[in-house]
Amino acid sequence: MSDAGAPPVQARGLVKQYDDVTAVAGVDLTVERGDVYGYLGPNGAGKTTVLRMLLGLIRPTSGEARLFGRDPLVEGARALDGVAGFVEAPRFYPYLSGRKNLEMLAALDGHGAAGRIDAALDIVEMADRQKHRVGGYSHGMRQRLGVAAALLRDPKLLLLDEPATGLDPAGMRDMRALVARLSSEGTTVLLSSHLMPEVEELCNRVAIVRTGRIVYEGDITSLRARAGSHWRLRTTEDERARRVVEAQRGITAVAHDPDTPSAPGALRFEGEEAAVGELSIALVEAGLGLLELTPVRATLEDVFFTLTEDGAAVPPSSPADSDAVAA
Amino acid sequence: MPALRIVYAWELRKLLAQKRTYLGLGAAVLVPLVFAGALLVQNGQPNDVAFGRYVRQSGLAIPPVLLIFGSIWLFPLIASLVAGDIVAAEDHNGTLKTILTRSTDRSRIFVAKVLAAATYAFVALTAMGVVALLAGIAVSGLHPLVTLSGTTVSSAKGIELIAASLLVYMMPLLGIVAIALLLSVLTHNSAAAVVGALMISLILQLVTILPGLGSLQPYLLTTQFNAWQGFLRTPVDYAPVVRAAWVCALYAVPALAVAFSSFMRRDVTGG
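Residues numbered from 1 in each chain as written. Chains lettered and ligands numbered in written order. Predicted model: local features only at pLDDT ≥ 70, side-chain atom pairs only at ≥ 80, totals over all residues. Heavy atoms only, no water.

An unreviewed UniProt entry lists chain B under the name ABC transporter permease, with Paraconexibacter antarcticus as the source organism.

Where an unreviewed UniProt entry is consulted, chain A appears under the name ABC transporter ATP-binding protein, with the organism given as Paraconexibacter antarcticus. Database annotation for chain A, UniProt heading Sequence similarities (unreviewed entry): "Belongs to the ABC transporter superfamily." (UniProt positions renumbered as here; feature names shortened; annotations may be inferred.)

This is the structure in structure tokens:
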């Protein structure tokens, strides 16, 4: 049953197992009204599988998904009331025109969807190509038509699977602008992506997934706070510089800097600005020439890679820790 | 949720926009024209087929000859050309996910597809019947028809009996439609479903000539393609017609039930 206060998306313990492959290993997800929620992970992390389960296209092996409190497996198409979107690339009948495709989908929707076709085509700037067969459309045009098809449903919740994939830079910009605009008009958005910059630009909350499980869930600001920073130092004399740095109060984690292969003697360390200031004086007083002393902020992308690449530890704040994973 | 009628209408519109649809309809129209054309330029007639020796006496004999000829593979092929494709094409185009994420339940889409595939088979058969009748009348004239019992019926009565025969012929054709649709759902592959349905139809016909299996003949789907001949006897023999009704249902209903259950439960992963 629909519950007026139910969150747009609520998934509990979603698992999808294909023979001996676990595509999704116990995902909990709550998207609140007004969120632009990024579901971020590398290819093969099970993002699309989760979206398919949310839309009722595939059955979870266990767990359940609800959209505005309704389970698509129980309530069928009714559970998708107010919900629109696409998984993977949007697909249409190649032998029908773009407009005919939309007319058919509007007929399957009812609720005045047919009256929104012109506006939807205008929004995605496809009005001039609407009479052409979809078979001749480029990937980007199909992607735009996919968004138009979603808009026909006048959605309160929009599910988009890698919406900017395959678009040229202008297309990506338009797509992001559209998502931002829909969000500002009150649409809740769940978008999957493998691009941290995209999520960083558009989303207020993010779940980072790796091999079917969530390794971070929270708002972007907290994620940024975990990013941390360090300093990089290059001088005229590497060996002596290291001794000076190690002796300096307030400077920790001194190490060889692996990020500057062109300067093999470069060092990295952590410390407050005040301590680094004192260090710079100490270095000069020791007769060392300063070639570089720079603060290096870890980007969200670094955090993303740390969380999603091999050898990464699952952070303690992750919900995936506390939930049993059926792998 | 939109009415079934609307979903069905769009299934028909999709068929109308595809070349494959016209391939089957074209064959249904072309075969009687070629047959009539051959009668015009050649002497003689197909004497070893029922009604064959009357094709020059009455145009009404031509539709029955083509019904007999068409039951071997032509109509099973025409029917499965669309029924075998109607779900698999959605897999091929990746459009199942597109239509299953709208406000229409899977069950309604399935029923609309069954109705559209059946409609197509009906239209193709009717087209063949009408063209065969008109071409037959053009070549051999509108004259009374000699029935299988050797009696003669008026041409008006003959047309009526041919119309009834076409309706009875629809029953095994719907059985083929159901089997092709089942294969379309299960294989996700249009070619496999079309060829598979045709193979099943041919194998069923083969069974009847294998030694020791002749007793199965009355219960084979393909045998029911002869049931209409009951109408062209005097008096009309309803027994084969009645048997065709339940034998065809015995094939079609389980096939559709399995197809429905699979369609309702399947994971839509393609596209």
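(A) Spatial organisation of the interface of chain A and chain B. In this complex, chain A contributes 34 residues to the contact, which on the side of chain B involves 31 residues. Between chain A and chain B, the buried area comes to about 2900 Å², and carbon and sulfur atoms account for 54% of it. When the buried surface of chain A facing chain B is broken down by residue, L57(A), R91(A) and L108(A) rank first, second and third, together holding 25% of it. At the surface where chain A touches chain B, the tally comes to two salt bridges. The salt bridge partner of D267(B) is K16(A), with a shortest N-O separation of 2.6 Å. Applying the counting rule to chain A against chain B returns 20 residue pairs in polar contact (both at pLDDT 80 or more). Elements supplying a minimum of two residues to the side of chain A that touches chain B: β1 (9-18), α3 (98-109) and α5 (139-151) of chain A. At seven residues, the largest contribution of residues to the side of chain A that touches chain B is made by α3(A). Per-class residue counts for the side of chain A that touches chain B are 20 nonpolar, two polar and 12 charged. (Contact = heavy atoms within 4.5 Å. Buried area = accessible area lost by both parts, 1.4 Å probe. Salt bridge = Lys/Arg side-chain N within 4 Å of Asp/Glu carboxyl O. Polar contact = N/O pair within 3.5 Å; in protein donor to acceptor, adjacent residues only side chain to side chain. Helix = DSSP H or I, 4+ residues; strand = E, 2+ residues; numbered from the N terminus. Nonpolar A, V, L, I, M, F, W, Y, C, P; charged D, E, K, R; others polar.)

(B) Fine view of helix α2 (residues 19-41) of chain B. The end-to-end C-alpha separation of α2(B) is 31 Å, in line with the 33 Å expected for 23 residues at 1.5 Å each. Where the residues of α2(B) are buried, they touch α1 (4-16), α3 (62-70), α4 (74-83) and α7 (106-140) of chain B. (Expected span 1.5 Å × (residues − 1).)

(C) View of the environment of D168(A). Residues and elements named next belong to chain A. Structurally, D168 is set in the loop between β6 (157-161) and α6 (169-184). Take D168: its relative accessible area is 48%, and that puts it in the partly exposed class. Remark: the alpha-carbon pair of D168 and G140, spanning 28 residues in sequence, is separated by 7.6 Å. Only 2.7 Å separates the side chain of D168 from the backbone nitrogen of G171, close enough to count as a polar contact. (Buried < 20%, exposed > 50% of the residue type's maximum accessible area, 1.4 Å probe, protein only.)

(D) Region of the structure containing the nonpolar core. The biggest cluster of nonpolar side chains holds 164 residues, and the ones touching the most others in it are L54(A) and L190(A). Broken down by element, the residue count for this core peaks at 17 residues, all from helix α8 (residues 155-187) of chain B. Each residue touching L54(A), except ones within four places of it in the same chain, is listed here: V9(A), A11(A), A65(A), L67(A), P72(A), L159(A) and L190(A). Residues I251(A), L267(A), V276(A) and L279(A) belong to the second largest nonpolar core, which totals 13 residues. (Core = buried A, V, L, I, M, F, W, Y, C linked by side-chain atoms within 4.5 Å.)

(E) Broad picture of the UniProt feature "transmembrane region" (unreviewed entry) in chain B. If you check UniProt for "transmembrane region" (unreviewed entry), the listed places come out as residues 21-41, 61-88, 109-142, 162-186, 193-213 and 244-264 of chain B in our numbering. Here residues 162-186 of chain B is 100% helix and 0% strand, with 36 Å between the C-alpha atoms at its ends.

(F) Representation of the packing of aromatic side chains. What the rule picks out here adds up to nine aromatic pairs over all chains. A centroid spacing of 5.6 Å and a plane angle of 40° characterise the contact between F304(A) and F305(A), whose relative ring orientation is tilted. Within the aromatic cluster, the residues linked to one another by ring pairs are F75(B), Y169(B) and F225(B). The aromatic ring of F68(A) is capped on one face by K156(A), whose charged end is 5.2 Å from the ring centroid. Seen from the ring of W10(B), R13(B) lies directly overhead, with NZ or CZ sitting 4.4 Å from the centre. (Phe/Tyr/Trp six-rings, centres within 6.5 Å; stacked < 30°, edge-to-face > 60°. Lys NZ or Arg CZ within 6 Å of the ring centre and 35° of its normal.)

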